[in-house]
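# Reading the structure
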Amino acid sequence: MQKFKFLLILVFSIGGTGKPINAQVTFPANDVANPKTDTYIFTNASIVKDAQTTLQNASLLIRQGKIVAIGNNISIPKGAVVVDCKGKYIYPAFIDLYTDYGITAPERQQNAGGFFRTQQIASNTKGAYGWNQSIKSETDAYKIFSADDAKAKSLRDIGFGAVLTHQKDGIARGTGAFVTLAGQADNLVIIKERASANYSFNRGTSSQSYPSSMMGMIALLRQTYLDAQWYKSSPQAEGTNLSLESWNNNQPLPQIFEADDKWNDLRADKIGDEFGVQYIIKGGGNEYQRIKEMAATKASFILPLNYPAAMDVDDPNDLRFVGLDDLKHWELAPGNAAAFEKAGINFCLTTADLTNVSEFIANLRKAMEYGLTEAKALEALTKTPAGLLGVYDKIGSLDAGKIANFLITSGPVFAEKTVLLQNWTQGIKNSIKDDNWYDVKGSYNYLANTNAGAKAFSLDLKDAGVAQFIGKDTLTGKYSYDGKLVKLSYTEGRGPNAKETILSGNPFTWTASFTKAAEAKSDITRAKQPLVLGKVTYPFLSYGWEELPKLENILIKNATVWTSEQAAKLENTDVLVKNGKIAAVGKNLSDATAKVIDGTGKHLTAGVIDEHSHIASSSTNEGGQSVTSEVRIGDNLNPDDMNIYRQLSGGVTSSHILHGSANTIGGQTQLIKLRWGANDQDLKFAGADPFIKFALGENVKRSSSTQGNPRFPDSRMGVDQVLMDAFQRATDHQNSLKAAGTKGTVRKDLELDA
């Protein structure tokens, strides 16, 4: 504790806001030359180099925005600014891989195509780009980036020093740029111009009709991968396609896919597996519900800390619309990151999806209450994101040669009472809460010489800048001390009669003589009770399993068996099921490995097969074009559909999930077994014959649409021609593929292949 008198206090600043020497050498300055060396050494600190290494009473030397040395026996260079960090901690600044910082959000175009809107068949993007507006692989974030100090400050205030930024628009979004949050010119904060390639299941601002469904977006991505491979052969008929050219150029970069949901995570990973791409998946916060499947992707994840708000259940009318899954997700969502750590899945953390980024630290501490360790949290904000972008040699830890992005805190960085004091970006100080740098808490003898005479108080300076003037009456006030100037005030009276006296700039003098240090508060806090949480169920709905049922051998005895065959109805009959199939039907069957079920007085029949169903899918229609045979219902199955349970209760065991009737030739169907709690792949009926949905009628031609129908066909005669044309094109395509053999000169068309 420092013992000093408060009178007129002036000390040198503990830091500066200088810029690297010779910065912006090609930009003329409207000033005289004023070069600076900007060398700082931070001494006597607890330096956390990375999540595994902490140096006590150590020093950090930086020059021109880079770390020069770090350790316990560093000589102080001549001319260096010395910053005494006794009692302080220094950490690497945080990194966020999922932002659009410094990128202007594109405006959504009017009259975007949809099922009940005017259709836009062709792209209206000007230039030699691809046919679909939602493929924007030619977009480069660094070309449209402009630093935004107001937004940078909100991120710096919670510990971030660098971010990956990209334009969040389209299914293929082009490249992201890796930038620092330093308050410098755009050209000085870009660390890596082309740092990532970004994708999503969101059309963004595209007004084009196709794709209009989840399965359509998946089909478009698959077709674009195939088209890009084909484009490498420089097909003369295609001419110049800047979208495909950029797509190919972007493939060596880290590939980041915004999926935002557990099932979308798996859909994205499946696309990547098909084309040999390992995506970094930006999750949605519900991945803990299928953590085994997440681990199987072998992907790294970017996890948001955006938790659902508590539901308002005071009104019974509102309560009707709150499902058990909503309540369970509210309870369990903060454990998402801990579930990843426990499963050994690589991940980093992001501020994305938060209404206000200031919520990030509180939500991070909540995640730690749910089991996320401090070491893993720090790693997920420093080393892991830097490693995923391939820039760990430049940033992500405190090592010589790396960018001087670091935090100075009053204690362990994630502790609830720790204050972030400063955030240094590229060697430039950003003051966060500098007022807390100096600890002047304690008791003082205060004496003020005023025109009305001397006033004496016992002055107590407490936490959070609270001052108490204790005399005949106790007056509450405020104080701050930034190393240069003391600010002190007190308030007399209450309500409208309250009067605040500010003890600076007034015609009197005052002194405050230190008497004793503030009493150290006991570090003993009430032990937090261990969390008692509900269990994840499969599916994450009412009636879900806490543990998925296992395959068993079953023997049903003495049932009335309806065979649906020539044998018709069999009384008092046994049925043996082994390895998921009927092994025997007869009398007096036995099997030592089988679980026996008494069927006396009960009827046993084959399960109902629903030949035409639209349950258990995230989208049913891809109506953006007249022929969409490239889309597959199996790409967007939804195992969390309560209709599976309802169908089972009615005796249905298998369903044929069809595409809708929005177009002449719809998508590929999917036969599923109604396995309650299974994942999307385990729902599929293995070995089932493939089918495609065809349709006729008003839905197909849409001539009655009030918005008009620019999509061919517009009559039943046109429907006939669409069918004839599609089959002829498919035949020609098949013949061309056979003629080309393995040369790869013919474009593979998923629509015609189907």
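The structure we're discussing is the one just above.
Description of the structure in this document.

Procedures and definitions
- Residues numbered from 1 in each chain as written.
- Predicted model: local features only at pLDDT ≥ 70, side-chain atom pairs only at ≥ 80, totals over all residues.
- Heavy atoms only, no water.
- Buried < 20%, exposed > 50% of the residue type's maximum accessible area, 1.4 Å probe, protein only.
- Helix = DSSP H or I, 4+ residues; strand = E, 2+ residues; numbered from the N terminus.
- Polar contact = N/O pair within 3.5 Å; in protein donor to acceptor, adjacent residues only side chain to side chain.
- Contact = heavy atoms within 4.5 Å.
- 1 Å grid on protein atoms, 1.4 Å probe; cavity = no way out; pocket = protein on both sides within 12 Å on 5 of 7 lines; lining within 4 Å.
- Points joined across faces, edges and corners; volume = space filled by probe spheres on them.
- Nonpolar A, V, L, I, M, F, W, Y, C, P; charged D, E, K, R; others polar.
- Core = buried A, V, L, I, M, F, W, Y, C linked by side-chain atoms within 4.5 Å.
- Salt bridge = Lys/Arg side-chain N within 4 Å of Asp/Glu carboxyl O.
- Pairing = 2+ DSSP bridges.
- Axes fitted to C-alpha atoms, helices over the stretch in contact; angles between N-to-C directions.
- Patch = residues over 30% accessible without salt bridge, like charges linked within 9 Å, V, L, I, M, F, W, Y side chains within 5 Å.
- Areas by Shrake-Rupley, 256 points an atom, 1.4 Å probe, with all protein chains shown as cover.
- Arc of directions from axis to C-beta.
- Parallel < 35°, antiparallel > 145°, perpendicular 65-115°, else oblique.
- Phe/Tyr/Trp six-rings, centres within 6.5 Å; stacked < 30°, edge-to-face > 60°.
- Lys NZ or Arg CZ within 6 Å of the ring centre and 35° of its normal.

On to helix 5 (residues 242–250). All buried positions along helix 5 are accounted for by S243, L244, S246, W247, N248 and N250. Where helix 5 starts, the residue carrying a side-chain oxygen 3.1 Å from the main-chain nitrogen of S243 turns out to be N241.

This paragraph deals with the environment of A583. Looking at the secondary structure, you find A583 in strand 27 (residues 581–586). Not counting residues within four places of it along the chain, the set of residues in contact with A583 comprises L576, V577 and K578.

So, on to the layout of surface pockets. The gaps left among the atoms become clear once a water-sized probe is rolled over them. The volume enclosed by the largest pocket comes to roughly 1800 Å³. Considering the residues around the largest pocket, the lining is formed by 42 residues, among which L551, V577, G580, K673 and R675 are closest to the centre. Mapped onto the lining of the largest pocket, the elements with two or more residues apiece are helix 7 (291–296), strand 25 (554–562), strand 26 (569–578), strand 27, strand 29 (603–605) and strand 31 (652–657). The element that contributes the greatest number of residues to the lining of the largest pocket is strand 25, accounting for 4 residues. Of the residues assigned to the lining of the largest pocket, the class counts are 22 nonpolar, 8 polar and 12 charged.

With that settled, the discussion passes to the nonpolar core. If you look at the biggest cluster of nonpolar residues, it comprises 88 residues, and the most contacted ones within it are L349 and F360. A per-element tally of this core places helix 4 (residues 214–231) first, with 10 residues. The contact partners of L349, leaving out residues within four places of it in the chain, are I95, D96, L303, L305, A337, F360, L364, L372, A377, A380 and L381.

Glancing now at the pattern of salt bridges. This structure, assessed with the given rule, holds 29 salt bridges. Note that D169 is salt-bridged to K136, the shortest N-O span being 3.7 Å. Of this pair, D169 sits in the loop between strand 8 (160–165) and strand 9 (172–180) while K136 sits in the loop between strand 7 (94–99) and helix 1 (141–144), placing them 33 residues apart in sequence. The exposure class of D169 is buried, given its relative accessible area of 4%. Where D725 meets R729, a salt bridge forms, and the shortest distance between an N and an O atom there is 2.8 Å. With D725 and R729 both in helix 17 (residues 716–740), this residue pair falls 4 residues apart, about one helical turn. Using a relative accessible area of 30% as the deciding quantity, one classes R729 as partly exposed. Residues joined in a network through salt bridges with shared partners are K49, D399 and K402.

With that settled, the discussion passes to the sheet that holds strand 11 (residues 255–258). Reading across the sheet, the 8 strands line up as 7-8-9-10-11-12-13-14 and stay open at both edges, with mixed pairing between neighbours. On the outer flanks of this sheet lie strand 7 and strand 14 (347–350), each paired with one strand and no other. The average undirected angle you get between the axes of adjacent strands in this sheet is 25°. With 4 bridges joining them, strand 13 (residues 300–304) and strand 14 adopt parallel strand pairing. Across the sheet, residue I302 finds its bridge partner in strand 14, namely C348. Along the sheet face, helix 12 (residues 374–381) touches strand 7, strand 8 and strand 14 and points at about 75° away from the line of strand 14.

Once that is clear, we can look at a nonpolar patch on the surface. On the surface, V313, L319, L324 and L327 cluster together to form a nonpolar patch covering roughly 290 Å² of accessible area. Within the fold, L319 resides in helix 8 (residues 316–319).

Of the strand pairs in this sheet, strand 18 (residues 442–450) and strand 19 (residues 453–461) are connected by 9 bridges, and their pairing is antiparallel. Following the sheet pairing, N449 is matched in strand 19 by A454. In this structure, strand 19 lies alongside strand 20 (residues 466–470), joined through 4 bridges in antiparallel fashion. Considered in strand 20, the bridge of L459 is made with F469. Counting the residues that bridge the hairpin from strand 19 to strand 20 gives 4 residues, and of these A464 lies at a positive phi of roughly 60°.

Moving on to unusual backbone geometry. Put simply, Y210 and P211 share a cis peptide bond, and its omega is -5°. Note on placement: P211 falls in the loop between strand 10 (190–200) and helix 4. P539 follows Y538 through a cis peptide bond whose omega is -5°. Counting through the fold element by element, P539 comes out in the loop between strand 24 (509–517) and strand 25. Even without glycine at this site, S234 takes up a positive phi of about 55°. By the secondary structure assignment, S234 is in the loop between helix 4 and helix 5. A relative accessible area of 59% means that S234 is categorised as exposed. Look at N572: it is not a glycine, yet its phi comes out positive at around 45°.

A word on the pairing of strand 20. The two faces of strand 20 differ: A467 and F469 on one face are buried, but V466, Q468 and I470 on the other face are not. Bridge analysis of strand 20 against strand 21 (residues 474–481) gives 5 bridges, and the strand direction is antiparallel. If you follow Q468 over to strand 21, its bridge partner there is T476. A loop of 3 residues connects strand 20 with strand 21, the two strands running antiparallel in sequence.

Those residues of helix 2 (residues 149–156) that fall on the buried side of the exposure criterion are A152, L155 and R156. Projection of helix 2 onto a plane perpendicular to its axis shows the buried side chains occupying an angular sector of 100°, all on one side. The inward-facing, buried residues of helix 2 contact strand 8, strand 16 (420–425) and strand 17 (428–431). Where helix 2 begins, one side-chain oxygen reaches toward the backbone nitrogen of A150, 3.2 Å away; that side chain belongs to D148.

Running from amino to carboxyl end, helix 4 crosses helix 5 at an angle of 90°, the nearest separation of the two axes being 9 Å. Taken together, the axes of helix 4 and helix 5 lie roughly perpendicular to each other. Contact residues: helix 4 offers L221, T224, Y225, D227, A228, Q229 and Y231, while helix 5 offers L244, E245, W247 and N248. Per-class residue counts for the contact of helix 4 with helix 5 are 6 nonpolar, 3 polar and 2 charged.

We now examine the sheet that holds strand 31. Sheet architecture is open: 3 strands sit in the order 30-31-33, paired in mixed fashion. Each edge of the open sheet is held by one strand with a lone partner, namely strand 30 (608–613) and strand 33 (670–673). Strand after strand, the sheet turns through a mean of 20° between neighbouring axes, direction not considered. Bridging between strand 31 and strand 33 involves 4 bridges; their strand directions are antiparallel.

Turning our attention to the packing of aromatic side chains. For the structure shown, the criterion picks out 31 aromatic pairs. Between Y199 and W247, the ring centres sit 5.5 Å apart and the planes meet at 70°, which makes this aromatic pair edge-to-face. Taken as a pair, Y199 in strand 10 and W247 in helix 5 lie far apart in primary sequence, 48 residues in all. Here Y199 and W247 have matching classes, each one buried. Three or more aromatic residues link up through ring pairs in this structure, and these residues are Y199, F201, Y225, W247, F257, F275 and Y279. Across from the ring centre of F685, 4.6 Å away, lies the NZ or CZ of K673, which sits over that ring.

Remember that the coordinates give geometry; whether it matters functionally is a separate question.
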